[in-house]
Each structure stands twice: as structure tokens, then as C-alpha cells.
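# Understanding the architecture of this molecule
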Amino acid sequence: MVLRQVGKDHTEKATYVGESVDTAKEAVQLDISDGISWFILGNAYLSLFFAQSQLPKTLKLCMSAYQQAEKDPVAKCNPDLYYNRATAYKYQEEYQLSIMGFSRASLLDPTWSNPQEKKRQLIDYLLKVVTFIETKGKLKGKRLTSMLESLTESDLGPYAGGSYTGPRGNSVKLDKCSLIELQKETNPEKVVVGKVVCSFMSDDPVPFTLCMVDAMETCYSVTIYNMAEGCGPKIGDSLAIPEPFVQEVEVQYNDQAFSYKSIRVDSPVVLAINGKKLGLKKQAPSVLAVNTKSE
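Residues numbered from 1 in each chain as written. Predicted model: local features only at pLDDT ≥ 70, side-chain atom pairs only at ≥ 80, totals over all residues. Heavy atoms only, no water.

Another point: the overall build of the protein. The secondary structure content of the protein amounts to eight helices and 11 strands. For the protein, the proportion of its 295 residues judged to be buried stands at 50%. By sequence separation, contacts in the protein at least 24 residues apart represent 62% of the contacts at least 6 residues apart. Approximately 14900 Å² of the protein is accessible, and the part contributed by carbon and sulfur atoms is 52%. (Helix = DSSP H or I, 4+ residues; strand = E, 2+ residues; numbered from the N terminus. Buried < 20%, exposed > 50% of the residue type's maximum accessible area, 1.4 Å probe, protein only. Contact = heavy atoms within 4.5 Å. Areas by Shrake-Rupley, 256 points an atom, 1.4 Å probe, with all protein chains shown as cover.)

Dropping the structure here:
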């Protein structure tokens, strides 16, 4: 799909990506049983998801198109289908399904090195996250204690005082809580604060990953999407996250098992670092490369 590859800046590229979705839809309507057309539509939706606000409904449409593609015996044998869907699963942090997808792509084309390499990178990433969580960033006890003792109410920044002003100007109740008190998925009217004990990027630039420890010495990983390069929090920074979205990562691969809790942040502008809320300049769109050998 050439339209997805052109454009001088992000806005122009996003426009072309939208047009590529329309073109792919037209191709599907010509033959709704053609799995290759559904595969191309799925790729277009996946590109659109990252180009235009990362709307969950767009990703649902992407996955639906890939599911339709799988019904075609020809498309079902296409390693690109499983490779691209595995990439989407990775960004959803559905790591078990991502690993399975890369394995399937590699099985269908043993000469293609990309799926195995991406799977290896993902396993290395998970191992790194688990290691840093278990060791609290490998910080020495005295340094960690000193960092946590420096935490104050002011580190909450605009989220201090039990409420904050929402994007529509309304007052939103917000209670400070510890990481261990968070429930799975959404945590409305809650805010957590802690110290960054490590930060790192995987082989892919997205997401920016860090580990934070709160006053109870509980350690969670935090994945931040759309973070501009060089603008992520540093070791020792305080970090406040309003209404955190918690994911429980459970992955089994051969004799390796990975289990930990993570907070997903889709936009850095909601964060407060050292008591100051981040501005739009700290945000940058995610860039996604889909494999299109069969298009």
C-alpha cells in the first residue's frame, strides 16, 4: 500500500494512512472472500491506529480484518499475517499471544529471520523488566531508602490536595494510594506516586519503560507510549500517575516464566515529574512498521 509510505510530516502521513484504509475497504468489497485483501485492510488499520490518536476501536477493526484473512486458505499460510498481528499484540502488551504469533510466522517461513529476532528481543525485554522489578532497579539499599524518604506531597504536583481539574475544566476527585492497593485495569479517582529506579528502551523505541518504587517499597514497571525522544523520566525523579491502568503480565515460554504488574500510560502529558505536569512538547507520535511483503 503505497499511500501509507508517503507524506512529508506526521499530519500528512496520517492523512494518507486514512486514505489507504478507504482504498483497502474498496478492495475488500470487490471480493469479501479474498483473504489477502482483508490482510491489507488489517495492515492499513494497524497503521491508522498509530497515526491517528491510537483509538481502541481502530485496533479492534484491525484484529477483525486479520481474523477474516485467516479464513482464507491462501492468506492463512501467509507468514506476514502472523508477524504483523504479533506486532500488534506486542503493542497491546499481550506478550504471550505476540510470542505465539512470531513463532507461527517463523514456522511458515523458516528462512525469514525477522520473526525469530523479534521473538528473541521480546523475551530479552521481559527478562530485563522482571530482573529490574525484583532488584528494584539494582539500587543499593541506602540510596533507595534516601530516595523514598525524600518523597513529599509536593511530588504529586497538580494531583495533590484530593482533586484535580480535568480536561473539560471539571473537578475530579483523586485519592493518593499505594501501588499494592491498585486493582487490575482501570483505577478511577486514584493517583500513585513513587521514585524512578531505572529506565530503559527495548530494541524498538516504543514503549519507554521504567520501574518505579513507592513509599511501601513496592516496585511496578511503567510503559509510556508517545514519549518524545530524550524526554523520559530519569533515575531519582519522582513520578505521579493519575488513574493508572494496571496490567498483569503472565508469559510462559519454554522453561521461562515471566510474571509482574505494569502500569500502561498512553500519553506522557498526564504524568507529573518532580511535581510538574508534562507539556505537549514531551509527546511524540508512535511509529509502526508493518511487514508488507505479500502486498
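Okay, the pattern of salt bridges next. Counted by the stated rule, this structure contains six salt bridges. The shortest N-O distance in the salt bridge between Glu-117 and Arg-120 comes to 2.5 Å. One end of the pair, Glu-117, and the other, Arg-120, are both in helix α7 (residues 114-134), three residues apart, so they sit about a helical turn from each other. Look at Glu-117 and you get partly exposed, because its relative accessible area is 34%. Ionic pairing is found between Lys-173 and Asp-175, a salt bridge with its closest N-O pair at 3.8 Å. We classify Lys-173 as partly exposed; its relative accessible area is 46%. (Salt bridge = Lys/Arg side-chain N within 4 Å of Asp/Glu carboxyl O.)

Along any regular strand, the residues point their side chains to alternate faces of the sheet. When strand β6 (residues 219-224) meets strand β9 (residues 256-265), the two strands line up parallel, connected through four bridges. If you follow Thr-223 over to β9, its bridge partner there is Arg-264. Between strand β8 (residues 245-253) and β9, which pair antiparallel and follow one another directly, the connecting turn spans two residues, one of which, Asn-254, has a positive phi of 55°. (Pairing = 2+ DSSP bridges.)

The next thing to look at is the layout of surface pockets. Here the largest pocket defines a volume of roughly 1100 Å³. In terms of residues, the lining of the largest pocket owes the most to one element, β8, which gives seven residues. Taken together, the residues of the lining of the largest pocket sort by class into 21 nonpolar, eight polar and 11 charged. (1 Å grid on protein atoms, 1.4 Å probe; cavity = no way out; pocket = protein on both sides within 12 Å on 5 of 7 lines; lining within 4 Å. Points joined across faces, edges and corners; volume = space filled by probe spheres on them. Nonpolar A, V, L, I, M, F, W, Y, C, P; charged D, E, K, R; others polar.)

Before going further, it helps to examine the packing of helix α6 (residues 95-108) against α7. Contact geometry for α6 and α7: axes closest at 8 Å, N-to-C directions at 155°. In terms of their interaxial angle, α6 and α7 are classed as roughly antiparallel. In the crossing of α6 with α7, the sense of the turn from one axis to the other is left-handed. Contacts between α6 and α7 involve Tyr-95, Ser-98, Ile-99, Phe-102, Ser-103, Ala-105 and Ser-106 from the first element and Pro-115, Gln-116, Lys-118, Lys-119, Leu-122, Ile-123, Tyr-125 and Leu-126 from the second. (Axes fitted to C-alpha atoms, helices over the stretch in contact; angles between N-to-C directions. Parallel < 35°, antiparallel > 145°, perpendicular 65-115°, else oblique. Left-handed = near helix turned anticlockwise from the far one by under 90°.)

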